[in-house]
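Spelled out from the first residue to the last, the chains are:
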Amino acid sequence: MEKSSLEKNIVAHLDELIVLVTTLEDKQYTFIADAEMAAASIGRHLRHTLEIFLLLVQNYDAGRVDYENRARNLALEEDRLLAIRQLNYLKKHFNKPDKPIELINNQLVIKTSYHRELLYQLEHIIHHNAIIRPAVTHFLGDAIQQNFGYAPATIKYQAKHVSG
């Protein structure tokens, strides 16, 4: 079966994060630069995106997800190997058939679908990658993946409109 564009994009961004976390040193992963990343480390941003994504995947069978009601596993902010394990877990378990999902926000219930929420997860990862891009660039320089933190639409636009 051929992979969907959404599935390919999610796998690509999860792989990108695995490479990043593998490449960084512990002190780089946990470093907090107030001005660059809203007083959060690369690890804290990754923890946040991982927890949200894991919550969706783990609540697939229940068909209800509340992104605000989650355990905050602070170990993910400091333990790069744990983060890599969670990224690999997501790669293996996120691809499921679409189905209706109820999104809970405070007392509001919104009807959505699993694939719509997967798209949200992809956009959420890209958003946080954009926030951490300056720190990643500082630590890795030219070794940073060229399109790290850019949305697919931005990459397409730049390819058409930015001359090298």
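Remember, it's a predicted structure, so these values are computed and weren't measured experimentally.

Looking at this structure, how should I read the packing of helix H1 (residues 5-23) against helix H6 (residues 114-140)?
Packed helix pairs are specified by the crossing angle of their axes together with the interaxial distance, meaning the distance between the axes. At a closest axis distance of 10 Å, the pairing of H1 and H6 adopts a crossing angle of 30°. As far as their axial angle goes, H6 and H1 are roughly parallel. Crossing of H1 over H6 shows left-handed handedness. Counted together, Leu6, Asn9, Ile10, His13, Leu14, Glu16, Leu17, Leu20 and Thr23 of H1 and His115, Leu118, Leu119, Leu122, Ile125, Ile126, Asn129, Ile132, Val136 and Leu140 of H6 form the full contact between these two elements. Among the residues forming the contact of H1 with H6, the class breakdown is 13 nonpolar, 5 polar and 1 charged.

Whenever I open this one, the environment of Gln86 confuses me. Can you help?
Residue placement: Gln86 occurs in helix H5 (residues 80-93). Each C-alpha atom, one on Gln86 and one on Ser41, is 18 Å from the other, the two residues being 45 residues apart in sequence.

I tried to follow the confidence of the model for the protein chain on my own but got confused; where do I start?
Parts of the model with low pLDDT should not have their predicted coordinates read in detail. Here the protein chain averages 89 in pLDDT, and 94% of its residues register 70 or above. When mean pLDDT is taken per element in the protein chain, H5 scores highest with 98 and helix H3 (residues 34-37) scores lowest with 58.

Teacher, can you tell me more about the packing of H1 against H5 here?
Contact geometry of H1 with H5 gives a least axis separation of 10 Å together with a crossing angle of 165°. Classified by the interaxial angle, the pair formed by H1 and H5 is roughly antiparallel. Where H1 crosses over H5, the handedness of that crossing is left-handed. Here Val11, Leu14, Asp15, Leu17, Ile18, Val21 and Thr22 of H1 come into contact with H5, specifically with Arg80, Ala83, Ile84, Leu87, Asn88, Leu90 and Lys91. Looking at the contact of H1 with H5 residue by residue, the classes come out as 9 nonpolar, 2 polar and 3 charged.

What am I meant to see in the pattern of salt bridges here?
As a working rule, side chains carrying opposite charge can pair if their charged atoms are close by. Overall, the coordinates contain 9 salt bridges when judged by the stated rule. Notably, a salt bridge pairs Glu102 with Arg64, separated by 2.4 Å at the nearest N-O pair. Of the two residues, Glu102 sits in strand S2 (residues 100-105) while Arg64 sits in strand S1 (residues 64-65), which places them 38 residues apart along the sequence. Connected through shared salt-bridge partners, Arg44, Arg47, Glu51, Arg70 and Glu77 make up one network.

In this structure, what is going on with the pairing of strand S3 (residues 108-113)? I would like to understand it.
One face of the sheet, then the other: side chains in a regular strand alternate in exactly this way. Across 6 bridges, S2 lies against S3 in antiparallel orientation. Looking at the pairing, Asn105 lines up with Leu108 of S3. Two successive antiparallel strands, S2 and S3, enclose a turn made up of 2 residues, where Asn106 displays a positive phi of approximately 55°.

Calculation criteria
- Residues numbered from 1 in each chain as written.
- Predicted model: local features only at pLDDT ≥ 70, side-chain atom pairs only at ≥ 80, totals over all residues.
- Heavy atoms only, no water.
- Axes fitted to C-alpha atoms, helices over the stretch in contact; angles between N-to-C directions.
- Helix = DSSP H or I, 4+ residues; strand = E, 2+ residues; numbered from the N terminus.
- Parallel < 35°, antiparallel > 145°, perpendicular 65-115°, else oblique.
- Left-handed = near helix turned anticlockwise from the far one by under 90°.
- Contact = heavy atoms within 4.5 Å.
- Nonpolar A, V, L, I, M, F, W, Y, C, P; charged D, E, K, R; others polar.
- pLDDT = per-residue confidence, 0-100.
- Salt bridge = Lys/Arg side-chain N within 4 Å of Asp/Glu carboxyl O.
- Pairing = 2+ DSSP bridges.

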